[in-house]
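# Coordinate inspection notes
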Amino acid sequence: MNVTRELFDEVMVPNYNPAAMIPVRGLGSRVWDQDNNEYIDFAGGIAVNVLGHCHPNLVAALKEQGDKLWHLSNVFTNEPALRLAKKLVDATFAERVYFANSGGEANEAALKLARRWALEHHGEHKNQIIAFKQGFHGRTFFTVTVGGQPAYSDGFGPKPGAIDHAVYNDLDSLKALISDNTCAVMMEPLQGEGGIISPTADFVKGVRELCDQHNALLIFDEVQSGVGRTGDLYAYMGLGVTPDILSTAKALGGGFPIGAMLTTKDIAASLKVGTHGSTYGGNPLACAVAEAAFDTVNTPEVLGGVSRKEQLFRQGLEAINQKYQVFSEVRGKGLLLGAVLTEKYQGRSRDFLVAATQQKLMCLVAGPNVVRFAPSLVVPDEDIQQGLARFERAVASIVNAE
Ligand SMILES: Cc1ncc(COP(=O)(O)O)c(C=O)c1O
């Protein structure tokens, strides 16, 4: 069969508009297309391929488990799921784990748990969920409504209710909304899709305090910021604020679909037998790969390398900016970085992404004004240098076309 980009338009639902080239294989931070063109990958499958492509530890785990047991359903438990859960519990604030297949599903579980916990402990009135404008939590109807971009949830009929949005980094706007009727506040400890926006230390601390004052649960969506991305295993560890519920996905499986919701023993007790579930969640194949990813990432070498590589990125982007003056700032933490376009280039982040792809570099956008980088945490220094050289050519192509 002749597989081309045109075939996509013939057979696929048109909710995506993928690039013209079709990648066929990857190794480390390099990817090759059908014509054997080689790309450097600073996108990481949208902050997923935390160890690059085909990392030997992950391939070995996949092959080993692939020969043993793939799936049974949650009628049975399995060894990889229990091992992974134990490691997550040992490494974080959490005492209990629920496995899902994606970030959206992990968040769906977090929100349902919060509502159920509030109902059980306080009553029906305590059902308000507060999240933040520009936040992103997934595409299920509940999570997309909790997300702070109404454009994503409009046009699908009546939305789930009792959901309000405060302004990120503005404690007063949260104060104005929160009350004893609030069951949970959900936030990303570093807004990803919304434009790579870090919270201030005072803001996160203040959110925690307000939740405590009103007996509301604090949910950290670490789907994008978790598993080493910021240099800490989870971003909350670098903020000094502990959530009650944490969702993790993306990098958790290093490229194999898996998500998880972490919480305390007391809160978890509200999801009793039969209250929630998933056919695939916690299947042995996903958990075996995630366990290998977790073991590999959760080491001083990998986590410690993140801030050093961040500096290489920042220095390289700074040098490009000195020549071309296209960014007003580079923000973010660890290897989740956003280059914010100046006034002159507002709304054109996608042009930079397209120009980068033409230079054989994969990167991302975070809204119309930010070019986002979320490479593998073990991207070799040489690939960072070469990738940034390609990015410079992409920037030059845009600036020189004026
Ligand atoms: C912070 C955050 N939460 C949730 C999601 C949704 O994850 P998934 O696409 O795996 O459902 C994303 C995806 O971009 C995300 O960045």
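Read on for a plain summary of the structure. (Residues numbered from 1 in each chain as written. Predicted model: local features only at pLDDT ≥ 70, side-chain atom pairs only at ≥ 80, totals over all residues. Heavy atoms only, no water.)

### Some remarks on a nonpolar patch on the surface
This is how it is decided: Only residues whose relative accessible area exceeds 30% and that form no salt bridge enter a patch; like-charged residues are grouped when within 9 Å of one another, and nonpolar side chains (Val, Leu, Ile, Met, Phe, Trp, Tyr) when within 5 Å. To measure how exposed things are, a 1.4 Å probe is used in the Shrake-Rupley method; for residues, cover is taken only from the protein chains shown. Take a side-chain nitrogen of Lys or Arg and a carboxyl oxygen of Asp or Glu: if they are within 4 Å of each other, that pair is a salt bridge. For the purposes of this entry, the term helix denotes a DSSP run of H or I that reaches at least four residues, the term strand denotes a run of E that reaches at least two, and both are numbered from the N terminus.
Nonpolar side chains collect at one region of the surface, where L69, L72, V75 and F76 lie side by side and expose about 370 Å² of accessible area between them. As for its placement among the helices and strands, F76 is situated in the loop between α3 (56–66) and α4 (79–91).

### Some remarks on the site of the ligand
For clarity, the threshold we go by: We call a residue near a molecule or strand whenever a single non-hydrogen atom of that residue lies within 4 Å of it. Here a polar contact is taken to be a pair of N or O atoms separated by no more than 3.5 Å, where protein atoms must pair a possible hydrogen donor with a possible acceptor and residues adjacent in sequence count only if both atoms sit in side chains. Note on residue categories: nonpolar means Ala, Val, Leu, Ile, Met, Phe, Trp, Tyr, Cys or Pro, charged means Asp, Glu, Lys or Arg, and polar means any other residue, Gly included.
Around the ligand lies a shell of 13 residues, among which G103, G104, D221, Q224 and K250 are the nearest. In the environment of the ligand, an oxygen atom lies 3.1 Å from a nitrogen or oxygen atom belonging to the side chain of K250. Calculation on the ligand without its partners gives an accessible area of 390 Å², and the protein chains cover 82% of this total. Take the shell around the ligand: its biggest share by element is 3 residues, from helix α5 (residues 103–121). Counted by class, the shell around the ligand contains 2 nonpolar, 7 polar and 4 charged residues.

### Topic: the nonpolar core
As a reminder of what qualifies: Here, nonpolar core refers to any group of buried Ala, Val, Leu, Ile, Met, Phe, Trp, Tyr and Cys residues whose side-chain atoms link them within 4.5 Å. When a residue's accessible area, from a 1.4 Å probe over protein chains only, is under 20% of the maximum for its type it is buried; when over 50% it is exposed; and in between it is partly exposed. Whether two residues are in contact is decided by their heavy atoms, any of which lying within 4.5 Å being enough.
Within the largest apolar cluster, 81 residues are counted, with the highest numbers of intra-cluster contacts made by F99, F132, V185, V207, F373 and F391. Those residues in contact with V207 that sit more than four places away from it in its chain are F132, L171, L174, V185, M187 and L218. By size, the runner-up hydrophobic cluster in this structure holds 22 residues, among which are A114, F142, A184 and M261.

### Let's talk about the packing of aromatic side chains
Counted only if it meets this: For this analysis, a ring pair means two rings from Phe, Tyr or Trp (six-membered ring only for Trp) whose centres lie within 6.5 Å, classed as stacked if their planes differ by under 30 degrees, edge-to-face if by over 60, and tilted for the remaining angles. Placement of a positive charge over a ring is assigned whenever Lys NZ or Arg CZ falls within 6 Å of the ring centre and within 35 degrees of the normal to the ring plane.
Overall, the coordinates contain 12 aromatic pairs when judged by the stated rule. Ring geometry for F132 against Y168: centres 5.8 Å apart, planes inclined by 80 degrees, an arrangement best described as edge-to-face. Taken as a pair, F132 in strand β5 (residues 128–132) and Y168 in the loop between β6 (163–166) and α8 (171–177) lie far apart in primary sequence, 36 residues in all. In this structure, F132 and Y168 share a single accessibility class: buried. The ring centre of Y152 lies 4.3 Å from the NZ or CZ of R139, which sits over that ring.

### Here's the deal with the environment of G148
Locating G148 in the fold gives a position in the loop between α6 (141–146) and α7 (150–153). When the C-alpha atoms of G148 and M237 are compared, they prove to be 24 Å apart, with 89 residues separating the residues in sequence. Dropping the residues within four chain positions of it, G148 is found in contact with F132, K133, Q134, G135 and H165.

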